[in-house]
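Coordinates in review
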Amino acid sequence: MTEPRVQPDPAFALLGLYEKALPEVYGYLLARCGDRALAEELTSETFLGAVAACRKEHAPPVSTPWLIGVARHKLADHWRRAEREQRGLRLVHDAGCDVEDPWDEQLDALRARQVLETLTVSHRAVLTLRYVDGLPVRDVAAHLGRTIHATEALLTRAKTAFRRGYQEKEGRDA
């Protein structure tokens, strides 16, 4: 009779990667949310989620890009939760604008970050996923749990709000 062989915990693969990946995951999150406490919390959630994912059958290979993908999902989850909370606290009056207005000006990165911080969670989320992460609208919609049409409409409203805030800030900084 043979003794059952003890299998190593697949999550141990993360240990070798942890020190290298931690600053990259944290930096990714901090650059997108601008809040150290939130970035730390989401980084922690990312690694806890990665441990759970590693323990599943047919788990993907552990790598820093994979962890960044997990972090992106955690950030999108945070944005969805925050948007649901905001929706529950206020009645949304949406004066939608269907006009597509390309904006080809150069943006000042600091001013853009400051304006992003003033936008609603849903506007910040859609703009960040689309223009900072460079995701196509289809993927942004999937991350935010919306239809493509609803995401396009949200993106139009978010660009309008961003443009308005950016130009107002530009007028004050001049």
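Rules used in this analysis
- Residues numbered from 1 in each chain as written.
- Predicted model: local features only at pLDDT ≥ 70, side-chain atom pairs only at ≥ 80, totals over all residues.
- Heavy atoms only, no water.
- Phe/Tyr/Trp six-rings, centres within 6.5 Å; stacked < 30°, edge-to-face > 60°.
- Helix = DSSP H or I, 4+ residues; strand = E, 2+ residues; numbered from the N terminus.
- Buried < 20%, exposed > 50% of the residue type's maximum accessible area, 1.4 Å probe, protein only.
- Axes fitted to C-alpha atoms, helices over the stretch in contact; angles between N-to-C directions.
- Parallel < 35°, antiparallel > 145°, perpendicular 65-115°, else oblique.
- Left-handed = near helix turned anticlockwise from the far one by under 90°.
- Contact = heavy atoms within 4.5 Å.
- Nonpolar A, V, L, I, M, F, W, Y, C, P; charged D, E, K, R; others polar.
- Arc of directions from axis to C-beta.
- Salt bridge = Lys/Arg side-chain N within 4 Å of Asp/Glu carboxyl O.

1. Description of the packing of aromatic side chains
Evaluated as defined, the whole model comprises two aromatic pairs. Judged by centre distance (5.0 Å) and plane angle (65 degrees), the rings of Tyr 18 and Phe 47 are edge-to-face. Of this pair, Tyr 18 sits in helix α1 (residues 12-33) while Phe 47 sits in helix α2 (residues 36-54), and the two are 29 residues apart along the sequence. Here Tyr 18 falls in the partly exposed class, since its relative accessible area comes to 37%. Judged by its relative accessible area of 9%, Phe 47 falls in the buried class. With a centroid separation of 5.8 Å and an interplanar angle of 25 degrees, the aromatic rings of Phe 162 and Tyr 166 are classed as stacked. Of this pair, Phe 162 and Tyr 166 both sit in helix α7 (residues 148-173), four residues apart, which is roughly one turn of that helix. Of the two residues, Phe 162 and Tyr 166, both sit in the buried class.

2. What to know about the packing of helix α5 (residues 121-132) against helix α6 (residues 137-144)
Direction vectors running N to C along α5 and α6 enclose 140 degrees, while the axes themselves pass 9 Å from each other. Judged by the angle between their axes, α5 and α6 are oblique. In this structure, α5 crosses over α6, and the sense of that crossing is right-handed. Taking contact as the criterion, the partners of Ala 125, Val 126, Leu 129 and Arg 130 in α5 are, on α6, Val 137, Val 140, His 143 and Leu 144. In the contact of α5 with α6, the residues fall into six nonpolar, one polar and one charged.

3. Thoughts on the packing of α1 against α2
One way to put it is that α1 packs onto α2 with a least axis distance of 9 Å and a crossing angle of 140 degrees. Relative to α2, the element α1 is oriented oblique. For the pair α1 and α2, the crossing hand works out as right-handed. Between α1, through Leu 14, Tyr 18, Ala 21, Leu 22, Val 25, Tyr 26, Leu 29, Leu 30 and Cys 33, and α2, the contact on the second element is made entirely by Arg 36, Leu 38, Ala 39, Glu 40, Leu 42, Thr 43, Thr 46, Phe 47, Ala 50, Val 51 and Cys 54. Its residues placed into classes, the contact of α1 with α2 shows 16 nonpolar, two polar and two charged.

4. Remarks on α6
Looking at α6, one finds that the buried residues are Val 137, Val 140, Ala 141, His 143 and Leu 144. The arc that holds the buried residues of α6, viewed along the axis, is 165 degrees, so those residues lie on one side. Among the exposed residues of α6, those oriented more than 90 degrees off its buried face are Arg 138 and Ala 142. Looking at the residues trailing α6, positive phi occurs at Gly 145, about 70 degrees.

5. Examining the pattern of salt bridges
The final tally for this structure, using the stated rule, is five salt bridges. The partner of Asp 133 in a salt bridge is Arg 72, with the nearest N and O atoms 3.2 Å apart. Here Arg 72 lies in helix α3 (residues 64-89) and Asp 133 lies in the loop between α5 and α6, a separation of 61 residues in the sequence. When the shortest N-O distance is used, the salt bridge between Asp 139 and Arg 138 registers 3.7 Å. The network of salt bridges with shared partners includes Arg 32, Arg 72 and Asp 133.

6. Here's the deal with the side chain of Thr 46
With respect to the secondary-structure elements, Thr 46 resides in helix α2. In contact with Thr 46, not counting residues within four places along its chain, are Val 25, Leu 29, Leu 67, Val 70, Ala 71 and Lys 74.

7. Looking at the environment of Val 62
On the secondary structure map, Val 62 appears in the loop between α2 and α3. Once the C-alpha coordinates of Val 62 and Gly 16 are considered, the two residues, 46 residues apart in sequence, prove to be 10.0 Å apart.

In short, geometric facts, not functional conclusions.
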